[in-house]
Amino acid sequence: MTTRRIIAFGLIAAASTVAPAYAQQPYDGLWNVTILTRAGSCEPSVRYPLTVTEGRVSGAADVSGSIGREGNVKVSIRGAYANGQLNGNGGSGRWNAASGGIACSGRWEASRQ
């Protein structure tokens, strides 16, 4: 093994044993969220991959919100507002929004990857 490979291996091993600087929350991680429209003219079904870090929600869409330690969800995605409950590696809830001035609403379902 070359010296470079030994050093690189050592750095990778050391980095993998260092604890993250933040305190991980119970629902931190990557989540797949499916949004289902039940009323109104919004898209019938949309999927979003979302990340939860320290209880804060982020993703590719215009997302903001939080997940409480007990799994309470409060999120805004592109003007739609959602609330609900996570439990373990899954969860669900309700959402509502307006598309072109017409109200839409439905359910969402989430699973942790």
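Given the structure is predicted, the values throughout are model-derived calculations rather than measurements.

Q: Tell me about the nonpolar core, and name the residues and values.
A: In globular proteins that are soluble, nonpolar side chains generally tend to be buried together. Counting 22 residues, the largest nonpolar core has L86, W95 and W108 as its most contacted members. When contributions to this core are tallied by element, the ones reaching two or more residues are strand 1 (29-39), strand 2 (45-53), strand 4 (63-67), strand 5 (72-77), strand 6 (80-87), strand 7 (90-99) and strand 8 (102-112).

Q: Describe the layout of surface pockets, and please don't skip the residues or the numbers.
A: Roughly 490 Å³ of volume is contained in the largest pocket. Classifying every residue of the lining of the largest pocket by side-chain character gives 21 nonpolar, 2 polar and 2 charged.

Q: Now, about the pairing of strand 2: what can you tell me, with residues and values included?
A: For a regular strand, side chains alternate in direction, first toward one face of the sheet and then toward the other. In this structure, strand 1 lies alongside strand 2, joined through 8 bridges in antiparallel fashion. Note on strand 2: the bridge partner recorded for T34 is R47. Taking the residues that link successive antiparallel strands as the turn, the strand 1-strand 2 hairpin has 5 residues, and the phi of G40 there is positive, at about 100°. As paired elements, strand 2 and strand 3 (residues 56-59) share 4 bridges and run antiparallel to each other. Bridge pairing links V52 to V57 in strand 3. Between strand 2 and the antiparallel strand that follows it, strand 3, lie 2 residues; E54 among them carries a positive phi value of about 55°.

Thresholds applied
- Residues numbered from 1 in each chain as written.
- Predicted model: local features only at pLDDT ≥ 70, side-chain atom pairs only at ≥ 80, totals over all residues.
- Heavy atoms only, no water.
- Core = buried A, V, L, I, M, F, W, Y, C linked by side-chain atoms within 4.5 Å.
- Buried < 20%, exposed > 50% of the residue type's maximum accessible area, 1.4 Å probe, protein only.
- Helix = DSSP H or I, 4+ residues; strand = E, 2+ residues; numbered from the N terminus.
- 1 Å grid on protein atoms, 1.4 Å probe; cavity = no way out; pocket = protein on both sides within 12 Å on 5 of 7 lines; lining within 4 Å.
- Points joined across faces, edges and corners; volume = space filled by probe spheres on them.
- Nonpolar A, V, L, I, M, F, W, Y, C, P; charged D, E, K, R; others polar.
- Pairing = 2+ DSSP bridges.

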